[in-house]
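# Structural description and commentary
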Amino acid sequence: MDLKELRGQMDQIDDDLVKLFCRRMDVAAQIADYKKEHNLPILMPTREREKLQDVAEKAGPEMANYTRVLYSMLFELSRSYQSKRADTLTPLYQQITKAMENTPRLFPQAPMVACQGVEGAYSQIACEKIFKSPFILYFKNFEGVFNAIEQGLCQYGILPLENSTAGSVKKVYDLMIQHNFSIVRTFRLKVDHNLLVKPGTKLSEIKEIYSHEQAIGQCSEFLQGLANVNVIPVANTAVAAEMVSKSDRGGVAAISSRNCAELYNLECLASSIQDKGNNRTRFICISKNLEIYPGSDKTSIMMVLPHRPGSLYKVLARLYTLGINVTKLESRPIPDRDFEFMFYFDLETSIYSEEFVQLMCELDELCEEFKYLGSYCEVV
């Protein structure tokens, strides 16, 4: 039998499969109507486990695992279709709708904003790109920014979340698990690191360099080219510049922004020393209350998934079914809970889309716990 004949057989089988799939989804719809009428849950784990075991046995040893995967996807499609048929708006979606109605159409121009570091920090630069005329309060660490939001000291907070070279800012992700907040906007800042020194200092005289650990990692190639230099991490790149400015010792330098050179009366000895030219840091703008501004097309959520095979796959399968793109997936261990992880998702979907509504109404059944972090747009 030649390839053309085999493909002909495959096409006929696919035609039959499509008809059977549509027939199966029609029956799933009838089941959804019955469940709605009798107030039954969409997800019935016992029934699914029994069904998976049954089809695997029928498929035989060689095809058992393939059949489980196929039917796991079919179950996700059926549940998604049934949830849509049920047309039940969850308390979460009602909360989101209320936030959309109550949030002003114009983004704030001059609010009180919390930033980590001191004057000249990259967080400050991002803040001034997001807001027109912000009033900025500085805090020593990231936790101080979260606390300022929770306590109502500041209306908004600016935090670095990830860098295109050094990756995720894990400390911020860990704090996101512990604190309550909403993301209202994000911004990607082009980061240029510079070697700043007191006027007159030569490169050969430098013995110590201060900077934030992320900036140090982003400038690793430049630093490797320096001999007998001690690189010391500090809380912030602007803090590093301030330390050099106030130091009464020679031979010290900071990796910081060019803004800090003027602010702290320092000289730029080497500019753009980062490993990659296209070095960008993504900052999030957070608030205490849920605010959703017009045009929001990105959503962030955090989930706790069961510690068993297939848990993450089922979530990704549901997102795939809904046609929602995942732009970021990060996992972090949950404190005091052995081998349990919080998964952070950034999703691309308009708040006005049918897929967004459906996802918000299905989150409960996808995981053990979840936290909706907000919907927003990204400033460029």
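Let me sum up the structure you'll find in this document. The written sequence of each chain sets the order in which its residues are numbered from 1. Totals for whole chains, interfaces and linings use all residues, but because this is a predicted model, local features are given only for residues with pLDDT of at least 70 and pairs of side-chain atoms are given and counted only at 80 or more. Note that the side-chain values use all heavy atoms of the structure and ignore hydrogens as well as water.

## Some remarks on the side chain of E48
Structurally, the position occupied by E48 is in helix 2 (residues 45–59). If near-sequence neighbours (up to four positions away) are discounted, E48 is found in contact with L43, F75 and R79. The secondary structure listing takes helices from DSSP runs of H or I that are at least 4 residues long and strands from runs of E that are at least 2 residues long, numbered from the N terminus. Any two residues whose heavy atoms approach within 4.5 Å are treated as being in contact.

## Details of the nonpolar core
Buried Ala, Val, Leu, Ile, Met, Phe, Trp, Tyr and Cys residues that are joined via side-chain atoms within 4.5 Å together make up what is termed a nonpolar core. The buried label applies to any residue whose accessible area, calculated with a 1.4 Å probe on protein chains only, is under 20% of its type's maximum; exposed applies above 50%, and partly exposed to all values in between. Counting residues in hydrophobic clusters, the biggest one holds 27 residues, and the most contacted among them are F146, L159, V172, M176, I183, I286 and Y344. For this core, the secondary-structure elements that each account for two or more residues are helix 6 (142–150), strand 3 (156–163), helix 7 (170–178), strand 11 (280–287), strand 12 (298–304), strand 14 (341–348) and strand 15 (369–379). In this structure, I292, L305, V315 and F343 belong to the second largest nonpolar core, which totals 25 residues.

## Observations regarding the pairing of strand 11
Here strand 11 lies mainly inside the structure; seven of its eight residues are buried. Where strand 3 and strand 11 come together, seven bridges link them in antiparallel fashion. Note that in strand 11 the partner of G157 across the bridge is I286. One ladder, built from eight bridges, connects strand 5 (residues 182–190) with strand 11; its direction is antiparallel. Considered in strand 11, the bridge of S182 is made with S287. What makes two strands pair is DSSP finding at least two bridges between them.

## As for the side chain of S256
With respect to the secondary-structure elements, S256 resides in strand 9 (residues 252–256). S256 gets classed as buried once you look at its relative accessible area, which sits at 0%. Those residues within four positions of S256 in sequence are excluded, and the remaining contacts are Y122, D192, H193, N194, L196, T237, A238 and A241.

## Description of the sheet that holds strand 6 (residues 194–197)
For sheets, the rule is that strands pair by backbone hydrogen bonds, running either parallel or antiparallel. Strand order in the open sheet formed by five strands is 8-7-9-6-10, with mixed pairing between adjacent strands. Edge positions in the open sheet fall to strand 8 (230–233) and strand 10 (267–270), since each of these has one partner strand only. Ignoring strand direction, the axes of neighbouring strands in this sheet form an average angle of 35°. In terms of strand pairing, strand 6 meets strand 9 through four bridges, oriented antiparallel. Note on strand 9: the bridge partner recorded for N194 is S256. Sitting on the sheet, helix 10 (residues 237–246) is in contact with strand 6, strand 7 (208–211) and strand 9, with an inclination near 155° to strand 9. The axes are straight lines fitted to the C-alpha atoms, using for helices just the contacting stretch, and the angles between their N-to-C directions are given from 0 to 180°.

## Digging into the packing of helix 12 (residues 311–322) against helix 13 (residues 354–366)
Geometry of a packed helix pair, given as the angle between the helix axes and the separation of the axes. At a minimum axis separation of 11 Å, helix 12 and helix 13 run at an interaxial angle of 160°. The pairing of helix 12 with helix 13 is recorded here as roughly antiparallel in orientation. Judged by the twist between their axes, the crossing of helix 12 over helix 13 is right-handed. Residue-level contacts link V315, R318, L319 and L322 of helix 12 to E355, Q358, L359, E362, E365 and L366 of helix 13. Residues are sorted three ways: Asp, Glu, Lys and Arg are charged, Ala, Val, Leu, Ile, Met, Phe, Trp, Tyr, Cys and Pro are nonpolar, and all the rest, Gly among them, are polar. Considered class by class, the residues forming the contact of helix 12 with helix 13 number five nonpolar, one polar and four charged. Here roughly perpendicular refers to angles of 65 to 115 degrees, roughly parallel to angles under 35, roughly antiparallel to angles over 145, and oblique to all remaining angles. Helix crossings fall into two classes, left-handed where the near helix is turned counterclockwise from the far one by less than a right angle and right-handed where it is turned clockwise.

## Here we look at helix 5 (residues 122–130)
Along an α-helix, a turn takes 3.6 residues, which lines up residues three or four apart on a common side. When you tally the buried positions in helix 5, you get seven out of nine residues, the bulk of the element. Taken together, the buried positions of helix 5 are Y122, S123, Q124, I125, A126, C127 and I130.

## Regarding the packing of aromatic side chains
Ring pairs are drawn from Phe, Tyr and Trp, using the six-membered ring of Trp, whenever the two centres fall within 6.5 Å, and their geometry is named by plane angle: stacked under 30 degrees, edge-to-face over 60, tilted for the rest. This structure, assessed with the given rule, holds seven aromatic pairs. Ring centres of F107 and Y156 lie 6.2 Å apart, and the angle between their planes is 35°; on these two criteria the pair is classed as tilted. Of this pair, F107 sits in the loop between helix 4 (91–102) and strand 1 (112–116) while Y156 is found in strand 3, placing the two residues 49 residues apart along the sequence. Here the two residues F107 and Y156 agree in accessibility, since each one is buried. Relative to Y156, the ring of F131 lies with its centre 5.3 Å away and its plane at 40°, an arrangement referred to as tilted. Linking F131 in the loop between helix 5 and strand 2 (135–139) with Y156 in strand 3, this pair joins segments that are 25 residues apart in sequence. Summarising the burial analysis for this pair, F131 and Y156 share the class buried. Among the aromatic side chains, those forming a connected cluster through ring pairs are F107, F131, Y156 and Y293. The criterion for a charge sitting over a ring is simple: Lys NZ or Arg CZ within 6 Å of the ring centre, and within 35 degrees of the ring normal. Over the face of the ring belonging to F107 we find R185, whose NZ or CZ atom lies 4.0 Å from the ring centre.

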